[in-house]
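# Notes for the structure review
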Amino acid sequence: MSTTNDEIILKIENVNRIYNDGDTETEALSDINLEIKKGEFISIIGASGCGKTTLLRLIAGLDKPQSGDLYLYDEKIKGADPKRGYVFQNGGLYEWLTVEQNIAAGLKARHVYKKEKHRIPNYVEMMGLNGFENVFIHQISGGMAQRVAIARSLINNPEVLLLDEPMGALDNFTRAALQDKILEIKAKKNITMILVTHDIDEALYLSDRIIIMTPRPGKISEIIDVKMNHPRNRNGVDYVELRKKLLEKFHLASEVKEPEYTI
Ligand SMILES: Nc1ncnc2c1ncn2[C@@H]1O[C@H](COP(=O)(O)OP(=O)(O)O)[C@@H](O)[C@H]1O
Ligand SMILES: [Mg+2]
């Protein structure tokens, strides 16, 4: 069941982002308009180079548009803020620190480490990292590293969690487990989540809405509502039907092999 109400948490108005790289000019985002409701799960899909990461970076406040504005509630987004947590594609963890020290880095970034370090075990527990607190990042698996990266963001109680292909490099089993973990956290904390993924099935399994983008210039071409209750059955009639529709939109229907998840 969706946990959204009608309150708009994020507003993106007429946003344009052009990269000027010497003599090449790339229109990474052109006239993007979008409103996202509190507690919504949004997935963004689209070919490589269509501006997905650029859009997430703008929402995170790590980059600025040439024109247009972004708002969290009614506050203009002007820079990075832990209220908008960002999980990088490669995790962006400190390889030379332990699991616990990486999660602590979230608190240190807000200068509240001493006051709030007692909360770390909750997040270790939540992300299933018990027993690995003192293990170094370079010694753990990719799936576990992504859970550390998510814990590091979550400990700052974000209003919005931005996830840039966090499951791209994981095997199917680990990916499915992390998808369920993300849904569990979302249900518990009602965090608004925006996920960039290249996996249509992942978008379908997780999202309230799927945003399809197209490149050169980066634009939103379509927004698809997914109105199925959770947990979703990957082999359910509605699910399979919508999956087919999505694939057709990508002109991929003819290339479909076996479904990625067979249960
Ligand atoms: N820092 C940058 N400088 C120049 N061009 C960039 C930069 N970042 C991204 N681009 C270009 O902008 C377009 C959108 O990139 P990006 O947002 O990374 O797309 P996606 O995440 O959908 O693959 C691409 O054509 C990319 O090459
Ligand atoms: Mg990207």
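Residues numbered from 1 in each chain as written. Chains lettered and ligands numbered in written order. Predicted model: local features only at pLDDT ≥ 70, side-chain atom pairs only at ≥ 80, totals over all residues. Heavy atoms only, no water.

Moving on, we get to the layout of surface pockets. Quantified by volume, the largest pocket comes out at close to 420 Å³. Those elements giving two or more residues to the lining of the largest pocket turn out to be β6 (84–87), α2 (99–109) and α5 (142–154). Considering each element in turn, the lining of the largest pocket owes the most residues, four residues, to β6. Classifying every residue of the lining of the largest pocket gives 11 nonpolar, five polar and three charged. (1 Å grid on protein atoms, 1.4 Å probe; cavity = no way out; pocket = protein on both sides within 12 Å on 5 of 7 lines; lining within 4 Å. Points joined across faces, edges and corners; volume = space filled by probe spheres on them. Helix = DSSP H or I, 4+ residues; strand = E, 2+ residues; numbered from the N terminus. Nonpolar A, V, L, I, M, F, W, Y, C, P; charged D, E, K, R; others polar.)

A word on the packing of aromatic side chains. Counted under the stated rule, the structure contains two aromatic pairs. Aromatic side chains Tyr94 and Trp96 sit 5.5 Å apart centroid to centroid with 55° between the ring planes, which places their arrangement in the tilted category. For the cation-ring pair, Lys11 lies above Tyr71, with the distance from its terminal atom to the ring centre recorded as 6.0 Å. Arg234 extends its terminal NZ or CZ atom over the ring of Tyr205, reaching a point 3.6 Å from the ring centre. (Phe/Tyr/Trp six-rings, centres within 6.5 Å; stacked < 30°, edge-to-face > 60°. Lys NZ or Arg CZ within 6 Å of the ring centre and 35° of its normal.)

What follows is about the site of ligand 1. Close contacts around ligand 1 come from Tyr19, Asp21, Thr26, Ala28, Ala47, Ser48, Gly49, Cys50, Gly51, Lys52, Thr53 and Thr54, and that covers them all. Between ligand 1 and Cys50, the relevant distance is 3.2 Å, taken from an oxygen atom to a main-chain nitrogen or oxygen of the residue. Thr53 has a polar side-chain atom sitting 2.9 Å from an oxygen atom of ligand 1. Within the complex, 63% of the 560 Å² of free accessible area of ligand 1 lies under protein. Secondary-structure elements contributing two or more residues to the shell around ligand 1 are β1 (8–21), β2 (24–37) and α1 (52–60). Take the shell around ligand 1: its biggest share by element is three residues, from α1. Residue composition of the shell around ligand 1, grouped by class: four nonpolar, six polar and two charged. (Near = heavy atom within 4 Å. Polar contact = N/O pair within 3.5 Å; in protein donor to acceptor, adjacent residues only side chain to side chain. Areas by Shrake-Rupley, 256 points an atom, 1.4 Å probe, with all protein chains shown as cover.)

This part is about the sheet that holds strand β5 (residues 75–76). The sheet built from four strands is open, its strands ordered β2-β1-β4-β5 with antiparallel pairing. Strands at the two margins of the open sheet, each flanked by one partner only, are β2 and β5. Of the strand pairs in this sheet, β1 and strand β4 (residues 67–72) are connected by five bridges, and their pairing is antiparallel. By the bridge assignment for β4, Leu10 is matched with Leu72. α1 contacts β1, β2 and β4 of the sheet and is inclined by roughly 120° relative to β1. (Pairing = 2+ DSSP bridges. Contact = heavy atoms within 4.5 Å. Axes fitted to C-alpha atoms, helices over the stretch in contact; angles between N-to-C directions.)

As defined by bridge partners, β4 adjoins β5 across two bridges and the pair is classed as antiparallel. What sits directly across from Tyr71, in β5, is Lys76. Turn length for the β4-β5 hairpin, with the two strands adjacent in sequence and antiparallel, is two residues, and the turn residue Tyr73 shows positive phi of about 50°.

Remember, this is a structural readout, not a statement about activity or role.
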